Amino acid sequence: MFYGISLTAILVALWLTLSGPFTLSGDYPIVMGLGVLSIIGTVALTYRMRIVDRETVPIGPALALFTYWGWLGGEIVKANLAVLRLVMKPEIEVEPRLIRVPAEQRTDLGRSVFANSITLTPGTVTVDVEDDGFLVHALDNSFTDPAGFAEMGARSDIASDGKKKRAE
């Protein structure tokens, strides 16, 4: 029941955020009615499909996910500046590299978040997903720091389920 209420609240908040101004004039009552029907339909379908659970409605890791998004935004800004410095030199001296980045996430969602985070960061692109990691193309050798990838991997793992990895 908790996940159903949470899913409904999330969908209402998302719909209100994306729907625009809140007036009852013009066609807005029709738009509001369709929004309510779509939310009810979505929640009913997820119950019917029996997928209203911790994975479908990840309320637990929400704080960790928002923290990760903030950190990732900062990394994207830093990478943008690094790419800008690299390409604005009078003589462009890029040294593209293909590197293997280990992926030690506990879940497929964590691996997906990690791979997409690498691609979102300017100067790097996840080219291939392998069993034990990713093949990443880096625009320059300066973007291949293993410590940076390790930090991003650990943070994406926490962001995907809200729990820190236990010491093994």
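Conventions adopted
- Residues numbered from 1 in each chain as written.
- Predicted model: local features only at pLDDT ≥ 70, side-chain atom pairs only at ≥ 80, totals over all residues.
- Heavy atoms only, no water.
- Pairing = 2+ DSSP bridges.
- Helix = DSSP H or I, 4+ residues; strand = E, 2+ residues; numbered from the N terminus.
- Contact = heavy atoms within 4.5 Å.
- Salt bridge = Lys/Arg side-chain N within 4 Å of Asp/Glu carboxyl O.
- Axes fitted to C-alpha atoms, helices over the stretch in contact; angles between N-to-C directions.

**Student:** Please explain the pairing of strand E2 (residues 124-129) as it appears in this structure.
**Tutor:** Working note: regular strand, side chains alternate between the two faces of the sheet. Here five bridges tie E2 to strand E3 (residues 133-138), and the two strands are oriented antiparallel to one another. Looking across to E3, one finds that threonine 126 is bridged to valine 136.

**Student:** Help me understand the side chain of threonine 121 in this model?
**Tutor:** Within the secondary structure layout, threonine 121 lies in the loop between helix H4 (108-120) and E2. Setting aside its immediate chain neighbours within four residues, threonine 121 contacts Leu72, Glu75, Ile76, Ala79 and Met152.

**Student:** Any chance you could explain the pattern of salt bridges here in plain terms?
**Tutor:** Tallied over the full model, the rule gives five salt bridges. Residue arginine 100 pairs with glutamate 130 through a salt bridge whose shortest N-O separation is 2.4 Å. One end of the pair, arginine 100, is in strand E1 (residues 97-102); the other, glutamate 130, is in the loop between E2 and E3, with 30 residues separating them in the sequence. A salt bridge links arginine 106 to aspartate 157, with the shortest nitrogen-to-oxygen separation between them at 2.9 Å.

**Student:** Looking at this structure, how should I read the sheet that holds E1?
**Tutor:** Hydrogen bonds along the backbone pair up the strands of a sheet, which may run parallel or antiparallel. Spatial strand order, E1-E3-E2: three strands in an open sheet with antiparallel pairing. Of all strands in the sheet, those with a lone pairing partner are E1 and E2, marking the two edges. For this sheet, the mean inter-axis angle between neighbouring strands, taken without regard to orientation, is 30°. Contacting E1, E2 and E3, H4 crosses the sheet at an angle of about 140° to E2.

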